[in-house]
Amino acid sequence: MRLLVVEDEARMARALQRGLQAEGFAVDVAADGPSGLDMARHGGYDAMILDVMLPGLSGYRVVRQLRAEEVWLPVLMLSAKDGEYDQADGLDCGADDYLTKPFSFVVLLARLRALLRRGAPQRPAVLAVGDLTLDPAQRRVIRGGEEITLTAREFALLEYLMRREGTVVSKTELLDHVWDAAMDTAPNVVEVYVGYLRRKIGRDVLETVRGAGYRLSAA
């Protein structure tokens, strides 16, 4: 899953990026309102974490503009303002959730996952392809009644492929959504992690489509 963090406080932005990457997300960062708005419009993100107090454009204005343009990217708004009217303003202007600073990273992560599920109604809470199931909230993968242990990156790769069940997904798309777009990552890293996944979930459900990419479907 690919996330955009819009936060002007550099230390906070780095901490969020590191923490979310450790959980398997691909994370881009913008440091001001105008940059965040432009990246949210065109970046193909799955969700955005948006600070309220930003240079150039406030978080309120960013989310209002996105909604005015019918960009329905799920938005988790962050703010040091903890008044009930501040939270109401954030939700009323189009944010999907509101979290006050300081916050627990564990709580942010849980609310982000809930937001991702709510923000895309076509995505079930538990993904299933044949006898393979993945629960994003519990971070569990089960096949044939047996639990499978995956690394954060393997889990993120499998989750993305399962959300695209039956569709051929290119290496470029996987790099964009599962790896950090800011890193110079070689395309063959996808092949390496597909190999890891096949050894753990079985080779019969994850197909290589020559010259096109990969397709996950029921055996």
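Note that the structure is predicted; figures quoted are calculated from it, not measured.

Calculation criteria
Residues numbered from 1 in each chain as written. Predicted model: local features only at pLDDT ≥ 70, side-chain atom pairs only at ≥ 80, totals over all residues. Heavy atoms only, no water. Phe/Tyr/Trp six-rings, centres within 6.5 Å; stacked < 30°, edge-to-face > 60°. Helix = DSSP H or I, 4+ residues; strand = E, 2+ residues; numbered from the N terminus. Buried < 20%, exposed > 50% of the residue type's maximum accessible area, 1.4 Å probe, protein only. Lys NZ or Arg CZ within 6 Å of the ring centre and 35° of its normal. Pairing = 2+ DSSP bridges. Axes fitted to C-alpha atoms, helices over the stretch in contact; angles between N-to-C directions. Contact = heavy atoms within 4.5 Å.

Draft legend 1. Looking closely at the packing of aromatic side chains. Tallying each qualifying case throughout the model produces one aromatic pair. Where Tyr193 meets Tyr196, the ring centres are 5.1 Å apart and the plane angle is 75°; that geometry is what we call edge-to-face. With Tyr193 and Tyr196 both in helix α8 (residues 188-201) and three residues apart, the pair spans about one turn of that helix. Accessibility expressed as a relative area gives 21% for Tyr193, which makes it partly exposed. Over the ring of Phe155 we find Arg139, and its NZ or CZ is 4.0 Å from the ring centre.

Draft legend 2. Quick peek at the sheet that holds strand β8 (residues 140-143). Spatial ordering of the open sheet is given by β6-β7-β8-β9, a layout of four strands whose pairing is antiparallel. This sheet does not close on itself; its edge strands, each paired only once, are β6 (127-129) and β9 (146-148). In this sheet, adjacent strand axes meet at a mean angle of 25° when their direction is disregarded. Relative to strand β7 (residues 132-135), β6 runs antiparallel, the two being bridged by three bridges. By the bridge assignment, Val129 is partnered in β7 with Leu132. Against the sheet, helix α6 (residues 152-163) contacts β6, β7 and β8, and its axis sits at roughly 115° relative to β7.

Draft legend 3. Representation of the sheet that holds strand β1 (residues 2-6). In space, the five strands of this open sheet follow the order β2-β1-β3-β4-β5, with parallel pairing throughout. Because the sheet does not close on itself, it has two edges, and the strands there are β2 (26-30) and β5 (97-100). The average angle at which neighbouring strand axes cross in this sheet is 20°, direction not considered. Across four bridges, the pairing between strand β3 (residues 47-51) and strand β4 (residues 75-79) is parallel. Looking at β4, one finds that Ile49 is bridged to Leu76. Strands β1, β2, β3 and β4 of the sheet are contacted by helix α1 (residues 10-22), whose axis makes an angle of about 170° with β2.

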